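Results of the structural survey
As a plain string of letters, each chain reads:
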Amino acid sequence: MEKRRKRQTGPAQPSSRDADNLAADARTSPDSRSASANGLPSDITAAEIVSSLPDGLIVVDARWRIVYASAEATRIYRKSPGHLVGRGHWEAWPESIGTGVERELRRAMQDRVIVCIEHRCDAEGARGMWAEIRAFPCGPGIAICCRDISSRRRVETELRQREKELADFVENAAIGLHWVAEDGTILRANDAELNMLGYTRDEYIGHNVREFHADAAVITDILERLKRREEITRCEARLRARDGSIRYVAMTFNVYSENGQFIHTRCFTRDITEQKRATELQERLAAIVESSDDAIISKDLNGIIRSWNSGAERIFGYTAEEIIGKPVATLAVPERMDEMPNILDRIRRGERVDHYETRRRTKDGRVLAISLTVSPIRDASGEIIGASKIARDITERGRTVQALRESNAALTRANADLEQFAYSASHDLQEPLRMIAAYTAMLKRKFGGSLDDTSDEYFRYIVEGVQRMQQLIHDLLAYTQASTFFEQPESDADANEALRHAISNLQQSIAGSGASITHTRLPTVRMHQFQLQQVFQNLISNAIKYRGEEAPQVHVGAERKDGRWLFSVRDNGIGIDPKYKERIFGMFKRLHSIAEYPGTGIGLAICQRIINGAGGHIWVESELGRGSIFFFTAPPGRND
Ligand code: ADP
């Protein structure tokens, strides 16, 4: 418990004569006023001087016998003078034997040096006291000055403790803290600061604070202001964290100076990133609400309007100041008054009201058709505290929908009329055509052979023209009929069956061309069987008609895709230039002359009409000279 002072040691200063005189004086009565040989005024004794000193003094001779003990020394050690003078030093303080005190005192005695020790006393009566001892050679022995430093030690201990607490507070504070020198060098940083940014002490301390600021202008301004000894409170800045992310912080600085000299600035850094993001989000949401064309309104559970955006202002005509605090019933139309309590009841139960179509009244008395979506608003604990309401003015939409409905109906009527007309026209055209064909045949029979070659050729042209006209009319009829079966079929179509019929109808051209038709197992689909057969027939007859050098090879397949059936009809024919792949589905659209390939240009239009009518799509993938694949989709059969 003792401590050697660093400033001890060095040669002994007081002369041995002084010590002798002091010891001699100490032995004389304090009343003695005779002039002494030590040069002191005759009315002051050395003992008086000693007793006036704040320190206690003990003098021991070379054999460690106590020859003098001042009154202060006896007070400090709680011993009576009689108990000390004349006794051995180690006898008076046996507890110090073997301790540093003994070692140091013996050193002073032997080496004739000054020693200084602080120690905690263990002596009877003064246990626990802290004493400072300075021993120096005095005559053949040593003089020991002692002082009770308990209160100083207490203050020092308290100070140390406080310092420790302060350092602990700084280090473990929840708020980031760093010290910065005048040039911006970081001198110290606590854990909260380092953790916030993710740096190690070495990566942060000793570096210039500018390295960590995302905005150079901000930190330059801060350092300038600090140089002018300004206090900076809640200055927002953006710091770069170790992982590259940016942290928003609020910083408070103050300058620590001593005797007017800048020592460092202390900076408290609070991470406000989350708060900043939340505010930004809130601002963005508020901007969305404000810029919305719809009315966005909130009300409490008593139906009192609590917020009102500019959309609401536009739709209903009330400003926010006019309507906030008023009951939402202000907007109700008399015949729908009871609606609002019902909606509030549902909200209280936590239900949401979606796209509820109703009517509301504007400030100037107009009645609007409104679509409402009302949702409960909950507080942080989840309790319902009100409702948010999005109201859309659908008055105009209602009118548009009505107009659209009407024009649709008119279009359907016109379409039906047109189809009816096309049907009757093509149907009625057949009759005169049949007459032309019959009478041409009769004329040919009657005059055939008696006319010249040119007349025979003319007869041939008439017959061909009539046949072509008949084909056209036939195809046109098929086309108009394709739309009369748009309604759902009663039973599903078995594609295997449909294909079988199509192939059998095409038997002649298949045999004539040497075509081979293959197919995988086909599914049932929700289509009219005869329409599916027609699609197969048109596609396969085209595949044969537009064949290439080799005998036609046609393959029909089907696979399940995205919940529907995807059919494919692949051929090895002449192919189609991709730029015409949409055009060929148009009415009368052909890529070849009649002389090259006969046809009316209606076959694919019929296919498209049938497939679209069944809810599917048809398209082709092809390249010139590389065959074609026609794809079409169809809804799966009911049992599929
Ligand atoms: P048509 O065959 O009567 O001319 P379509 O509507 O069936 O009429 O076909 C339109 C055009 O598409 C055809 O004129 C032809 O140019 C092209 N086409 C149709 N199918 C094929 C095919 N399998 N290979 C090559 N071209 C085809």
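Reference entry: report on the structure contained in this document. (Residues numbered from 1 in each chain as written. Predicted model: local features only at pLDDT ≥ 70, side-chain atom pairs only at ≥ 80, totals over all residues. Heavy atoms only, no water.)

Comments concerning the nonpolar core
The nonpolar side chains of soluble globular proteins are, as a tendency, buried together. Formed by 42 residues in total, the largest nonpolar core has its most connected members in Leu-532, Phe-536, Ile-540, Phe-567 and Phe-632. The leading source of residues in this core is helix H19 (residues 529–545), at 7 residues. Core analysis: the next-biggest nonpolar cluster, separate from the first, contains 28 residues, Trp-64, Ile-66, Leu-84 and Ala-108 among them. (Core = buried A, V, L, I, M, F, W, Y, C linked by side-chain atoms within 4.5 Å. Buried < 20%, exposed > 50% of the residue type's maximum accessible area, 1.4 Å probe, protein only. Helix = DSSP H or I, 4+ residues; strand = E, 2+ residues; numbered from the N terminus.)

Considering the pattern of salt bridges
Per the counting criterion, the structure on display carries 43 salt bridges. A salt bridge links Arg-107 to Glu-104; the nearest nitrogen and oxygen atoms lie 3.0 Å apart. A residue pair is termed a helical-turn pair when its members lie 3 or 4 positions apart in one helix, as Arg-107 and Glu-104 do in helix H6 (residues 100–111) at 3 residues. We classify Glu-104 as buried; its relative accessible area is 1%. For Arg-434, the salt bridge is made with Glu-431, and the minimal N-O distance between the two is 2.8 Å. (Salt bridge = Lys/Arg side-chain N within 4 Å of Asp/Glu carboxyl O.)

A look at the packing of helix H17 (residues 495–505) against H19
When two helices pack together, their arrangement is captured by the angle between the axes and the distance separating the axes. Their axes nearest at 8 Å, the elements H17 and H19 cross at an angle of 50°. For the element pair H17 / H19, the angle class is oblique. Along this stretch, H17 crosses H19, giving a crossing that reads as right-handed. For the pair H17 and H19, contact is made by Ala-495, Glu-497, Ala-498, Leu-499, His-501, Ala-502 and Asn-505 and by Gln-529, Leu-532, Gln-533, Phe-536, Gln-537 and Ile-540, respectively. Among the residues making up the contact of H17 with H19, the classes are represented as 7 nonpolar, 5 polar and 1 charged. (Axes fitted to C-alpha atoms, helices over the stretch in contact; angles between N-to-C directions. Parallel < 35°, antiparallel > 145°, perpendicular 65-115°, else oblique. Left-handed = near helix turned anticlockwise from the far one by under 90°. Contact = heavy atoms within 4.5 Å. Nonpolar A, V, L, I, M, F, W, Y, C, P; charged D, E, K, R; others polar.)

Considerations on the sheet that holds strand E8 (residues 186–189)
Remark on secondary structure: sheet strands pair via backbone hydrogen bonds, oriented parallel or antiparallel. Spatial ordering of the open sheet is given by E8-E7-E11-E10-E9, a layout of 5 strands whose pairing is antiparallel. Where the open sheet ends on each side, the last strands, each with one partner, are E8 and strand E9 (232–240). Within this sheet the neighbouring strands show an average axis-to-axis angle of 30°, counted without direction. With 5 bridges joining them, strand E7 (residues 176–180) and strand E11 (residues 261–271) adopt antiparallel strand pairing. The partner of Val-180 across the bridge, within E11, is Thr-265. This element, helix H10 (residues 216–227), spans E7, E9, strand E10 (246–258) and E11 of the sheet and lies at about 145° to E9. (Pairing = 2+ DSSP bridges.)

Re the environment of Ile-384
Secondary-structure assignment places Ile-384 in strand E16 (residues 384–393). Classification of Ile-384 by relative accessible area gives buried; the value is 15%. C-alpha separation for the pair Ile-384 and Arg-153, spaced 231 residues apart in sequence, amounts to 64 Å. If near-sequence neighbours (up to four positions away) are discounted, Ile-384 is found in contact with Leu-301, Ile-347, Arg-348, Arg-349, Gly-350, Pro-376, Ile-377 and Arg-378.

Focus on the site of the ligand
Around the ligand, the surrounding shell holds 21 residues, and the nearest of these are Asn-542, Tyr-546, Asp-571, Arg-590 and Leu-604. At a separation of 3.0 Å, an oxygen atom of the ligand approaches a polar backbone atom of Thr-600. One nitrogen or oxygen atom from the main chain of Leu-604 is found 2.8 Å from an oxygen atom belonging to the ligand. If the ligand stood free it would expose 520 Å²; the protein chains cover 98% of that surface. Among the elements of the structure, H19, helix H20 (603–613) and strand E23 (628–634) are those that each provide at least two residues to the shell around the ligand. With 3 residues, the top contributor of residues to the shell around the ligand is H19. The residue inventory of the shell around the ligand, partitioned by class, reads 9 nonpolar, 8 polar and 4 charged. (Near = heavy atom within 4 Å. Polar contact = N/O pair within 3.5 Å; in protein donor to acceptor, adjacent residues only side chain to side chain. Areas by Shrake-Rupley, 256 points an atom, 1.4 Å probe, with all protein chains shown as cover.)

Digging into a nonpolar patch on the surface
A contiguous nonpolar surface patch, about 220 Å² in accessible area, is contributed by Ile-44, Ile-49 and Leu-53. Following the sequence through the fold, Ile-44 ends up in the loop between helix H1 (16–27) and helix H2 (46–52). By relative accessible area, which is 36% here, Ile-44 ends up partly exposed. (Patch = residues over 30% accessible without salt bridge, like charges linked within 9 Å, V, L, I, M, F, W, Y side chains within 5 Å.)

Section: helix H15 (residues 395–447)
Note on helix geometry: an α-helix contains 3.6 residues per turn, so any two residues three or four positions apart are oriented the same way. In this model H15 runs 77 Å from its N-terminal to its C-terminal C-alpha over 53 residues, within 8% of the 78 Å that 1.5 Å per residue would give. Those residues of H15 lying buried are Thr-395, Glu-419, Ser-426, Leu-433 and Thr-440. Downstream of H15 by one or two residues, Gly-449 has phi in the positive range, about 95°. (Expected span 1.5 Å × (residues − 1).)

Regarding the packing of aromatic side chains
For the structure on display, the rule yields 12 aromatic pairs. Seen from their ring centres, Tyr-204 and Phe-212 are 4.7 Å apart, and the 55° between their planes marks the pair as tilted. You can call Tyr-204 buried: its relative accessible area is 2%. Judged by relative accessible area, Phe-212 falls into the buried class, the value being 4%. Between the aromatic rings of Phe-536 and Phe-567, the centroid separation amounts to 6.1 Å while the plane-to-plane angle is 70°, which identifies the pairing as edge-to-face. In this pair, Phe-536 is assigned in helix H19 and Phe-567 in strand E21 (residues 564–570), connecting sequence segments 31 residues apart. (Phe/Tyr/Trp six-rings, centres within 6.5 Å; stacked < 30°, edge-to-face > 60°.)

Notes on unusual backbone geometry
A negative phi angle characterises most non-glycine residues, just as the trans form characterises most peptide bonds. The phi dihedral of Asp-562 falls on the positive side, at around 50°, and the residue is not glycine. Along the chain, the position of Asp-562 falls in the loop between strand E20 (553–561) and E21. Judged by relative accessible area, which is 75%, Asp-562 ranks as exposed. Notably, Phe-588 is not glycine yet its phi reads approximately 60°, a positive angle. Relative to the elements of secondary structure, Phe-588 occurs in the loop between E21 and H20.

As for the state of the cysteines
Evaluated as defined, the whole model comprises 0 disulfides. Not part of a disulfide, Cys-121 finds its nearest cysteine sulfur in Cys-146, a span of 9.3 Å. Summary of cysteine pairing: Cys-146 is not part of a disulfide, and the nearest cysteine sulfur, belonging to Cys-145, is at 7.3 Å. The buried category is assigned to Cys-146, whose relative accessible area is 0%. (Disulfide = S-S within 2.5 Å.)

Points about the environment of Leu-281
Along the chain, Leu-281 falls in helix H11 (residues 273–291). In the structure, Leu-281 is positioned 206 residues away from Arg-75 in sequence and 76 Å away in space, judged by C-alpha atoms.

Focus on the pairing of strand E3 (residues 66–69)
Pairing analysis gives 3 bridges linking strand E2 (residues 56–60) to E3, with the strands arranged antiparallel. Across the sheet, residue Ile-58 finds its bridge partner in E3, namely Ala-69.

Looking at the sheet that holds E23
The sheet built from 5 strands is open, its strands ordered E18-E20-E21-E23-E22 with mixed pairing. Both outer strands of the open sheet, strand E18 (516–519) and strand E22 (618–622), are each paired with one neighbouring strand and no more. Across the sheet, the mean angle from the axis of one strand to that of its neighbour is 20°, orientation sign disregarded. The pairing of E18 with E20 spans 4 bridges and is parallel.

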